[in-house]
Structures are given as C-alpha cells and as structure tokens.
Amino acid sequence: MDHDAQKLTSALADPTRFSIYQFVAYSKDPITVQDIADHFSIHPNVARLHLTKLEDVNLLTAVTDKSGKGGRPSRLYSLSEQVVSLQFPPRDYQLLADIAIESLLSLGEAGEAALIKMGHRIGTEMAKRAVVQSGINLEIASMEEKLDLIHRIVVAQGLKPDIEAMDEGKLRFRVNNCTFSDSAKKYPNAVCQMHNALLMGIFETYLGNIELREDDSKIRGCQSCNYTLIQY
C-alpha cells in the first residue's frame, strides 16, 4: 500500500498534472488530449504525457473513441473507478473489511471505539507522511498552503472534495464521493464515525485544535457529505 501511495503522490506532485487530474475528475464527460491542450494552453504531446502518467497509476482510465468520426481515433480519459483502491481497496478486500468491522462491532461499545480510534490514527499518519513528502513547514505555512495540501490528500482518495474558507476561522468541507460507500451501507453509524475520525486526523495535523461538524450525509440521502470545520 505504501508503494502505491508513493506512486500516487508522485504523480500528483506536479502542479500542472494535479490540475489536469482535477479537471478530468470534475468533468461530466470524458476528456481528450486536445481538450487538455486547449484548456491549459500546452502542446498536445505534453498533455498526452501528463494524462499517460495519471493513467499509469490508475488515477485515470482511457478508452479509444469509436464514434466513427474521420481522422485518428482519440483517447477519451475519465476518472478511474480503481482510484480509491490505491489506498483503500474496496473490492479486493471488501469481504475482509466486512469481517473486521463485524468482529469489532460484536464487541459492543469498545469495538466501535477501537474502529473510530483507528480511523483517526490512519488519517493522522496519512497527513504526516504528506507533510514529509511535501517538505512543508507547518509552523510557518500559510492557511492557503495547508488547505492546498489537505485538498491534495483527499483528492488522492477519490473523495472529489470541496473546501471553502468562511468567516471567523470556519471552513466548509464537502465530500462528493464516499471512500467507504459499500461498507457504510451495511454499517452506517460505525463506518461514518470512523471516516469522520479519519478526516479529523488529517485536519488536526495541519490546523490544530478543531471541531468537525457533520451537517449532511450521503448515507442519509444527501448528494454529498457536508461538514463545517471550526478552528479553536
């Protein structure tokens, strides 16, 4: 998992490539090399190299355009369904995840507390690794720099996040794609609390003492999981 995470982080380390990934991830339709070249004002060969790199680490997937139009067939790029499995494999290990979660929950409150504690630990460790890899000094880093790095971490998980600064030290954080959606459907309360703890671990590493308040949840039928983050 560490090796895959390093490859993913390396692929997103380049600012242009990271922007290209975001552009493709948020696009409703598949993207071509020429779309990227036009949008970012770069040569198509450069655009192709960036897209190929993102495809190589399974952040993007590509198919050949079989629309029947004349000329050289285009490659159509879109967000890979395997992106989340680079860090949290939901398919290969779904049964194992179910067994582990059910085993913990069978222990009652102590088991649920252990699950939440582990989520917080994983989020904290993930954030600390990103700090080391980026070389950022958190003591002197600006809020913008911290939020940019947080955004990169949660984007790498396939969460399709939105982070918006508000007044009085508050942030609005939105998750448009749930990493643990399959497990959350079976164990909504425990898994959502664990995921919230994971996010807490990430935010606390960069922002210190905070409150992460869940306002809406996909598991309750909302289009996204929405949070208000308050700094103290």
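Just so it is clear, the model here is predicted, and its values are computed rather than measured.

1. Topic: the packing of aromatic side chains
Reasoning step 1: Counted by the stated rule, this structure contains 3 aromatic pairs.
Reasoning step 2: Relative to Phe 203, the ring of Phe 173 has its centre 5.0 Å away and its plane inclined at 80 degrees; by these criteria the two rings are edge-to-face. A residue pair is termed long-range when its members are at least 10 positions apart, and Phe 173 in strand 4 (residues 170-175) and Phe 203 in helix 9 (residues 188-207) qualify at 30 residues.
Reasoning step 3: Under the relative-accessibility criterion, Phe 173 is labelled buried at 1%.
Reasoning step 4: Its relative accessible area of 1% is what places Phe 203 among the buried residues.
Reasoning step 5: Clustering of aromatic rings is evident, with ring pairs tying together Phe 173, Phe 203 and Tyr 227.
Reasoning step 6: A cation over a ring is seen here: Arg 152 above Phe 18, with NZ or CZ 4.3 Å from the ring centre.

2. Some thoughts on helix 7 (residues 143-156)
Reasoning step 1: Under the 1.5 Å per step criterion, the end-to-end length of helix 7 is 20 Å for 14 residues, consistent within 8% with the ideal 20 Å.
Reasoning step 2: Three or more residues of helix 7 are buried, namely Lys 146, Leu 147, Leu 149, Ile 150, His 151, Ile 153, Val 154, Val 155 and Ala 156.
Reasoning step 3: Where helix 7 terminates, the next one or two residues include Gly 158, which has phi positive at roughly 80 degrees.

3. A look at the sheet that holds strand 3 (residues 161-165)
Reasoning step 1: Spatial strand order, 3-4-6-5: 4 strands in an open sheet with antiparallel pairing. With one partner strand each, in any of the chains shown, strand 3 and strand 5 (210-216) form the two edges of the open sheet. Neighbour-to-neighbour, the strand axes of this sheet turn through a mean angle of 20 degrees, independent of strand direction.
Reasoning step 2: Bridge analysis of strand 4 against strand 6 (residues 225-231) gives 6 bridges, and the strand direction is antiparallel. Bridging across to strand 6, Phe 173 finds its partner in Tyr 227.
Reasoning step 3: Running over the sheet, helix 9 touches strand 4, strand 5 and strand 6 and is turned about 140 degrees from strand 5.

4. Description of the side chain of Thr 205
Reasoning step 1: With respect to the helices and strands, Thr 205 occurs in helix 9.
Reasoning step 2: Setting aside chain neighbours within four positions, we find Thr 205 in contact with Thr 124, Ala 127, Lys 128 and Leu 138.

5. A word on the packing of helix 2 (residues 15-26) against helix 7
Reasoning step 1: Between helix 2 and helix 7, whose axes approach to 12 Å, the crossing angle comes to 50 degrees. By the angle between their axes, helix 2 is oblique relative to helix 7. When you trace helix 2 past helix 7, the crossing you get is left-handed. Together, Pro 15, Phe 18, Tyr 21, Gln 22 and Tyr 26 of helix 2 and His 151, Arg 152 and Val 155 of helix 7 make up the contact between the two elements.
Reasoning step 2: Here the contact of helix 2 with helix 7 is composed, by residue class, of 5 nonpolar, 2 polar and 1 charged.

6. Comments concerning the pattern of salt bridges
Reasoning step 1: According to the stated counting rule, one finds 7 salt bridges in the structure shown.
Reasoning step 2: A salt bridge links Glu 125 to Arg 121; its shortest N-O distance comes to 3.0 Å. Pair noted here: Glu 125 and Arg 121 are both in helix 6 (residues 109-134), with a separation of 4 residues, about one helical turn.
Reasoning step 3: A relative accessible area of 33% means that Glu 125 is categorised as partly exposed.
Reasoning step 4: Of the residues examined, Arg 121 reaches a relative accessible area of 47% and is grouped as partly exposed.

7. Examining the packing of helix 7 against helix 9
The angle between the axes and the distance between the axes are what describe a pair of packed helices.
Reasoning step 1: Look at helix 7 against helix 9: their axes get within 10 Å of each other, and the N-to-C directions meet at 155 degrees. Judged by the angle between their axes, helix 7 and helix 9 are roughly antiparallel. In this structure, helix 7 meets helix 9 at a crossing whose hand is right-handed. In this structure, helix 7 contributes Met 143, Lys 146, Leu 149, Ile 150, Ile 153 and Val 154 to the contact, and helix 9 contributes Leu 199, Ile 202, Phe 203, Tyr 206 and Leu 207.
Reasoning step 2: The residue makeup of the contact of helix 7 with helix 9, split by class, is 10 nonpolar, no polar and 1 charged.

Rules of the game
Residue positions are given per chain, counting from 1 as you read along its sequence in written order. Reporting in this predicted model follows two pLDDT cut-offs: at least 70 for local features of residues, and 80 or more for side-chain atom pairs to be given and counted; totals over whole chains, interfaces and linings ignore these cut-offs and use all residues. Hydrogens and waters are ignored; side-chain quantities use all the structure's heavy atoms. When two rings of Phe, Tyr or Trp (its six-membered ring) have centres within 6.5 Å they constitute a pair, described as stacked for plane angles under 30 degrees, edge-to-face for angles over 60, and tilted for the intermediate range. Each helix is a run of DSSP H or I of at least 4 residues and each strand a run of E of at least 2, with the numbering of both proceeding from the N terminus. Working definition: with a 1.4 Å probe on protein chains only, accessible area under 20% of the residue-type maximum means buried, over 50% means exposed, and in between means partly exposed. To sit over a ring, a charge needs its Lys NZ or Arg CZ within 6 Å of the ring centre and within 35 degrees of the ring normal. Between the first and last residue of a helix there are one fewer steps than residues, each counted as 1.5 Å, and that sum is the expected span. Between any two strands, at least two bridges found by DSSP are needed for them to pair. Throughout, an axis means a line fitted to C-alpha atoms (over the contacting stretch in the case of helices), and angles, computed between N-to-C directions, take values from 0 to 180 degrees. We call two residues in contact whenever any of their non-hydrogen atoms come within 4.5 Å of each other. Angular relationships are summarised with four words: roughly parallel below 35 degrees, roughly antiparallel beyond 145, roughly perpendicular across 65 to 115, and oblique for the angles in between. Rotating anticlockwise by less than a right angle from the far helix to the near helix defines a left-handed crossing, while the corresponding clockwise rotation defines a right-handed one. The nonpolar class holds Ala, Val, Leu, Ile, Met, Phe, Trp, Tyr, Cys and Pro. Asp, Glu, Lys and Arg form the charged class, and all remaining residues, Gly among them, are polar. Salt bridge, as used here: a side-chain nitrogen of Lys or Arg that lies within 4 Å of a carboxyl oxygen of Asp or Glu.

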